[in-house]
Amino acid sequence: MNTPTPNTPSPTPNQPNTPARHTPVPGAATEFVLVRHGETVWHAENRYAGRADVALTARGLRQAEELADWARGRSFDAVLHSPLSRARLTAAPAARVLGTTPREDPRLYEIDFGRGEGLNLADMAERFPEEHAAFLRDPVTHHLPGGEDPRAAAARARACLEEVHREFPGGRILVVAHNALFRVLLCELLGIDMSAYRQVFPVLDNGTLTEIRLGAGRPALLRFNAAPVPVPPSAGP
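A quick note: this is a predicted structure, and the numbers were derived from the prediction, not measured.

1. What about the pairing of strand β4 (residues 172-177)?
Among the six residues that make up β4, six are buried, leaving the element largely enclosed by the rest of the structure. The alternating pattern of β4 places Arg-172, Leu-174 and Val-176 and Ile-173, Val-175 and Ala-177 on opposite faces, both of which are buried. With six bridges joining them, strand β1 (residues 30-36) and β4 adopt parallel strand pairing. By the bridge assignment, Leu-34 is partnered in β4 with Val-175.

2. Description of the pairing of strand β5 (residues 209-214)
β5 sits mainly inside the fold: five of its six residues count as buried. Alignment of β1 against β5, held across six bridges, turns out to be antiparallel. Bridge pairing links Thr-30 to Leu-214 in β5. Bridge count for β5 against strand β6 (residues 220-226) is four bridges, and the pairing is antiparallel.

3. Describing helix α1 (residues 58-71)
An α-helix turns once per 3.6 residues; consequently, residues spaced three or four apart project the same way. For α1, which comprises 14 residues, the first-to-last C-alpha distance of 20 Å matches the rise-based estimate of 20 Å (1.5 Å per residue) to within 8%. Among the residues of α1, Gly-60, Gln-63, Ala-64, Leu-67, Ala-68, Trp-70 and Ala-71 are the ones counted as buried. Seen along its axis, α1 keeps its buried residues to an arc of 160°; they face one direction. In this structure, the buried side of α1 is in contact with β1, α2 (85-98), β4, β5 and β6. In the stretch just after α1, Gly-73 is the one whose phi turns positive, near 90°.

4. Concerning the side chain of Ser-195
Positionally, Ser-195 belongs in the loop between α6 (179-190) and α7 (197-200). Among the polar contacts made by the side chain of Ser-195, one reaches the side chain of Asp-193 at a distance of 2.9 Å. Setting aside anything within four residues of it in sequence, one finds Ser-195 in contact with Asp-138, Pro-139 and Val-140.

5. Things to note about the packing of aromatic side chains
Throughout the structure, instances matching the rule amount to four aromatic pairs. Residues Phe-201 and Phe-224 carry aromatic rings whose centres are separated by 5.1 Å and whose planes lie at 40° to one another, so their mutual orientation is tilted. Of this pair, Phe-201 sits in the loop between α7 and β5 while Phe-224 sits in strand β6, and the two are 23 residues apart along the sequence. Arg-51 extends its terminal NZ or CZ atom over the ring of Tyr-109, reaching a point 4.6 Å from the ring centre.

Each value, and the rule that gives it
- Residues numbered from 1 in each chain as written.
- Predicted model: local features only at pLDDT ≥ 70, side-chain atom pairs only at ≥ 80, totals over all residues.
- Heavy atoms only, no water.
- Buried < 20%, exposed > 50% of the residue type's maximum accessible area, 1.4 Å probe, protein only.
- Helix = DSSP H or I, 4+ residues; strand = E, 2+ residues; numbered from the N terminus.
- Pairing = 2+ DSSP bridges.
- Expected span 1.5 Å × (residues − 1).
- Arc of directions from axis to C-beta.
- Contact = heavy atoms within 4.5 Å.
- Polar contact = N/O pair within 3.5 Å; in protein donor to acceptor, adjacent residues only side chain to side chain.
- Phe/Tyr/Trp six-rings, centres within 6.5 Å; stacked < 30°, edge-to-face > 60°.
- Lys NZ or Arg CZ within 6 Å of the ring centre and 35° of its normal.

What follows is the structure in structure tokens.
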């Protein structure tokens with residue numbers, strides 16, 4: 001199977017924010033805004049894209065610019081992204097607007113879907129029907145053959161966020177990564193049975209925002225799958 005060549009975003013002409021130096025607030029929670037990357041060329045056919053480096057569509061690149069428009073006028077202490085180009089290219093315009101250098105972290109990779117990579121559910125039902133049926137019943141205990149255990153994926157993502165929280169207590173962090181990873185991470189943080197992640201969080205759209213608070217008491221889900229609405233311009237005198 002040929003993997004499309006990842007694309008590059010057009011330059012963002014807008015001036016960046018001036019980043020402020022973070023002042024740690026010991027004991028304070030850190031807020032994370034989790035963003036699913038923009039639409040890819042596999043989206044229309046619902047093909048599972050785990051570790052394959054799949055290109056963004058023109059719409060996906062627009063979603064990256066929409067994220068930058070939303071980020072303008074807001075304050076973030078850091079921008080993190082998965083090493084995959086669809087996450088990196090979604091994060092780049094927002095990082096430029098925020099005036100910060102984005103960080104790449106391998107703990108934010110999407111779950112490896114093994115033999116399911118590049119296939120949709122109908123393909124899987126045809127190629128490995130028994131494993132496919134078991135996956136639909138319990139996608140954690142019976143994760144896709146040859147793929148990563150979602151519990152391990154959630155643990156690595158949680159470790160990433162907890163490390164960043166220790167660096168930026170009381171801060172605000174933008175994280176651009178992936179659909180399945182974020183859904184199992186939410187289950188891990190919120191104490192939800194991870195085997196139900198496809199039912200509890202059935203949809204996480206490309207380019208949307210999910211906000212969590214981590215580090216002071218129990219983790220909290222502040223919003224889920226929200227559209228990035230830019231800050232309205234301030235009224236003149």
